[in-house]
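# Descriptive structure summary
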Amino acid sequence: MTFDYTMRFDLKVALRYLTSNRLQSALLIGGVAIAVTVFTFNAALINGLAEFQIDRVVGSSSHVTIEPATPRPAVAPAPEGTERLVVSQVALERREQIKQWRSVERIIETLPGVTGVSYNIVGTGLVTRGEQTLPVSLKGVEPARLSAIAPIDQTLVEGEARLGLNDVLIGRKLALDLGIGVGQPIFITSNQGRERTLTVRGLYSTGVDSLDGRLAYVNLDTARVMFDLPEGLTEIELKLADIYAARDIARQLADTTGLEAIAWMDRNQRLREALEGQGNSGNIIKMFTLITIIVGVASALLLTTFRRRPEIGIMRSFGISQRFVLSVFMLQGALIGIIGSLVGCFLGWGFSTLLASAGDGTRRLPVDPSLGQYDVALLLAAAASIAAALWPARAASRIDPVEAISQ
Amino acid sequence: MTSSMNAPLLEVHDIRKIFVDRDYQTPVLKGVNFTLQRGEMVAMLGPSGSGKSTLLSILGTLMRPSSGSFRMLGRELTTLAEKELSDFRNQQIGFIFQYHHLLPDFTALENVMFPHAGRLWRETRAGRERAAMLLERVGLKDRMNYRATRLSGGQKQRVAIARALMNQPALVLADEPTGNLDRENADQAFGLMSEIQRETGTTFLLSTHDRELAERCERRIYIQGGVVVDQPQVVPGRSSLRVIAGDPLSVIDRTQPANAGGDRQRA
């Protein structure tokens, strides 16, 4: 079958032009493909790196933390044109706590995307072993929710992840500093002056020094005694399926509970700035790849337009409209863009996959092939190619047929 | 209906064309007047540079005249917008050039179909059948699916003739259609055009230097120095050329330099 009765004729002409000069078309498509490969690989690398960094920081901490509201003194508004300076002092005699945490628990249960919750009492204390005394953060958690936020059970290097009333889990670094091992007792004094001897039940190692060297997990009921909090909590931690929903969830929780809810990105400003900088650098690279596509496609199609001037003149001589000629060249740009970006997406995914894994299951580069923004690359590269074709296509459609035929 | 059928196909009135290049003006056509009747085959003669190609471009609506007017099928064409002209050209005018000007990446059949498919933005069965019929008519049934580049010079010109007839135009303008062919192919191409003209009643206006072919046309128009210098009426037989102008081509050629169409003047 030689003819296709359903295909648009402008598309057929565009395809014929592309296939008649295979080397030029292959070079053009190759150019777009390389640019899209760079685009997608860059996206996979930058986003993969960001995920890696975020995972390192956020993976073992909460995504949203609910804390007692900080009371703010009521201040009458300043008269117009003046400013009012206010000095306030924190009420030291009263300890901040979340008393009605059971009602907060019910609100949290209705929230979508919450993958873990931990109801905690957190305070500071001193741990003593022989002549050694070191400051520690004590975190009282429900034994069943021990690994709801940080994967303590997975990071356990010695002992067991059990929290009886007289048990404590400490980081390996703290154990080394104290010269202590599993099964041995340590003496802890809370900042409320309560003293208790607890047995080291397990050692964990998260790889984060601030946790491994300072944080000790105790049973929530033990913490209630040590910090004189028979009812309330000092914080509630949430883990989310989508970490980027943290701000929305925090805002929602703050609005409905009246408590302070802080998203992880607002606690880690440096990380956020680093990620933003990284993202901006990536965007600059992406922008240059798009410019490369536009310049490459536009210059090649302009040459094609020039080479085909007499043919365009002939078409116009038998009454083919300017719109038809415009469409033929725009379609060439679109086809180059779509085919090139499909090839580029495939190559980008291939390179990312190849470089992400060393073959033995370990990671070679922090590249995440699933974060290559292939849809964005496809859309932008096709749009850039069409935009690049606009100028040559307009030039082609405006060719003077008499001048072109006599060429 | 009868009166409109008797009306001339083309009426050309005082067409002038001046090419302007910076400070210089080159008048090429200096007031051309003539008419074409329906179904005529008319030869347009004149030396190189006399303005024949310019006149054909204007009549084919590819170029606008500097002044003057011309009506075809009762329609004034000098006032039409670009898109209307393009549509009119597609449906009422066919072109045959000295160099076949086929589209090299397309087959003979696709080249013939192009004016039809390009207008509709789609190939149709009817279009394909007409293109195939035309190619069969010009003796190229067995070359339909050959790329244009694989055809001989004579075959290419026959495809060009078929293409010019694709949309059943009222007028075919042929600019030196046999100028690039040897005697045998030239005779064949001209014979083909004559036969088609007789069969379909299509009007042909051919510019040519070939006296022999011109004599075989029903009428001749002579252009010299940008004007029609003599306009013999349709006369039976083939003797009018000698009676009216002796050997008009040789006379014109002797009096007119090769580029005489334009008297270059400073504006």
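Residues numbered from 1 in each chain as written. Chains lettered and ligands numbered in written order. Predicted model: local features only at pLDDT ≥ 70, side-chain atom pairs only at ≥ 80, totals over all residues. Heavy atoms only, no water.

As a further point, take the packing of aromatic side chains. For the structure on display, the rule yields 13 aromatic pairs over all chains. Relative to phenylalanine 114 of chain B, the ring of phenylalanine 9 of chain A lies with its centre 4.9 Å away and its plane at 75°, an arrangement referred to as edge-to-face. With phenylalanine 9 of chain A in helix 1 (residues 9–20) and phenylalanine 114 of chain B in helix 4 (residues 108–120), the pair connects residues from two separate chains. Of the two residues, phenylalanine 9 of chain A and phenylalanine 114 of chain B, neither departs from the other in class, the shared state being buried. Plain terms: the ring middles of tyrosine 204 of chain A and tyrosine 217 of chain A are 5.8 Å apart, the flat faces sit at 75° to each other, and that makes the pair edge-to-face. On the criterion of sequence distance, the pair formed by tyrosine 204 of chain A in strand 7 (residues 195–204) and tyrosine 217 of chain A in strand 8 (residues 215–219) is long-range, its members being 13 residues apart. Take tyrosine 204 of chain A: its relative accessible area is 1%, and that puts it in the buried class. Under the relative-accessibility criterion, tyrosine 217 of chain A is labelled buried at 4%. Three or more aromatic residues joined by ring pairs make a cluster, and in this case those are Phe9, Tyr17, Phe318, Phe324 and Phe329 of chain A together with Phe106, Phe114 and Trp121 of chain B. One Lys or Arg, arginine 150 of chain B, reaches over the ring of tyrosine 146 of chain B and ends 4.3 Å from the middle of that ring. (Phe/Tyr/Trp six-rings, centres within 6.5 Å; stacked < 30°, edge-to-face > 60°. Helix = DSSP H or I, 4+ residues; strand = E, 2+ residues; numbered from the N terminus. Buried < 20%, exposed > 50% of the residue type's maximum accessible area, 1.4 Å probe, protein only. Lys NZ or Arg CZ within 6 Å of the ring centre and 35° of its normal.)

Averaged over all residues, the pLDDT of chain B equals 81, while 84% of them reach at least 70. Contacts for the low-pLDDT stretch residues 232–262 of chain B, under 50 throughout, to residues beyond four places or in other chains number 52 contacts. (pLDDT = per-residue confidence, 0-100. Contact = heavy atoms within 4.5 Å.)

Among the nonpolar cores identified, the biggest contains 80 residues, and Phe34, Phe114 and Leu205 of chain B are the most heavily contacted of them. Ranked by size, the runner-up nonpolar core spans 50 residues in total, among them Ile186, Ile249, Ala250 and Leu275 of chain A. (Core = buried A, V, L, I, M, F, W, Y, C linked by side-chain atoms within 4.5 Å.)

Residue and element names in this part refer to chain A. Most of strand 5 (residues 167–171) sits inside the fold, with five of its five residues counted as buried. Of the two faces of strand 5, both are covered, the one formed by Asp167, Leu169 and Gly171 as well as the one formed by Val168 and Ile170. When strand 5 meets strand 7, the two strands line up parallel, connected through five bridges. Note that in strand 7 the partner of aspartate 167 across the bridge is threonine 199. (Pairing = 2+ DSSP bridges.)

What follows concerns empty space enclosed by the protein. For the structure on display, the rule yields four cavities of 30 Å³ or more. Considering only enclosed or pocket space, the largest cavity measures out at about 60 Å³ in volume. Forming the boundary of the largest cavity are Tyr17, Leu18, Asn21, Gln24, Ser25, Leu28, Leu301, Thr304, Arg307, Arg308, Gln332 and Ile336 of chain A. Residue assignment for the lining of the largest cavity shows that the elements contributing at least two residues are helix 1, helix 2 (22–58), helix 10 (269–307) and helix 12 (322–356) of chain A. Taken together, the residues that form the lining of the largest cavity break down as five nonpolar, five polar and two charged. Taken as a whole, the second largest cavity encloses approximately 40 Å³ of empty space. Along its surface, the second largest cavity is lined by Phe318 of chain A together with Arg89, Asn90, Ile93, Gly94, Pro115, Arg163, Ala164, Met166 and Asn167 of chain B. The set of elements that each furnish at least two residues to the lining of the second largest cavity consists of helix 3 (82–92), strand 6 (93–96) and helix 6 (153–165) of chain B. Here the residues of the lining of the second largest cavity sort into five nonpolar, three polar and two charged. (1 Å grid on protein atoms, 1.4 Å probe; cavity = no way out; pocket = protein on both sides within 12 Å on 5 of 7 lines; lining within 4 Å. Points joined across faces, edges and corners; volume = space filled by probe spheres on them. Nonpolar A, V, L, I, M, F, W, Y, C, P; charged D, E, K, R; others polar.)

Moving on to helix 13 (residues 374–397) of chain A. All names here are of chain A. With 24 residues, helix 13 should cover 34 Å at 1.5 Å per step; its first-to-last C-alpha distance of 33 Å lies within 8% of that length. Of all the bends in helix 13, the largest measures some 35° and sits at leucine 390, one to four residues before the proline proline 392. Buried residues of helix 13: Tyr374, Ala377, Ala381, Ala382, Ala384, Ser385, Ala388, Ala389, Pro392, Ala393, Ala396 and Ser397, and no others. Each element contacted by the buried residues of helix 13 is listed here: helix 2, helix 10, helix 11 (309–317) and helix 12. (Expected span 1.5 Å × (residues − 1). Bend = angle between axes of the 7 residues up to and from the residue.)

This next bit is on the environment of tyrosine 204 of chain A. Each C-alpha atom, one on tyrosine 204 of chain A and one on alanine 216 of chain A, is 9.9 Å from the other, the two residues being twelve residues apart in sequence. A polar contact is formed between the side chain of tyrosine 204 of chain A and the backbone oxygen of leucine 211 of chain A, at a distance of 3.4 Å. (Polar contact = N/O pair within 3.5 Å; in protein donor to acceptor, adjacent residues only side chain to side chain.)

This part takes up the side chain of glutamate 40 of chain B. Within the fold, glutamate 40 of chain B resides in the loop between strand 2 (24–36) and strand 3 (41–45). For glutamate 40 of chain B, the side chain forms a polar contact with the main-chain nitrogen of glutamine 37 of chain B, separated by 2.6 Å.

Bringing the pattern of salt bridges into the picture now. What the rule picks out here adds up to 27 salt bridges over all chains. Its salt-bridge partner being arginine 8 of chain A, residue aspartate 10 of chain A comes within 2.6 Å of it at the nearest N-O pair. Its relative accessible area of 0% is what places aspartate 10 of chain A among the buried residues. The class for arginine 8 of chain A is partly exposed, based on a relative accessible area of 39%. By sharing partners, the salt bridges in this structure join Lys12 and Arg16 of chain A together with Glu110 and Glu123 of chain B into a single network. (Salt bridge = Lys/Arg side-chain N within 4 Å of Asp/Glu carboxyl O.)

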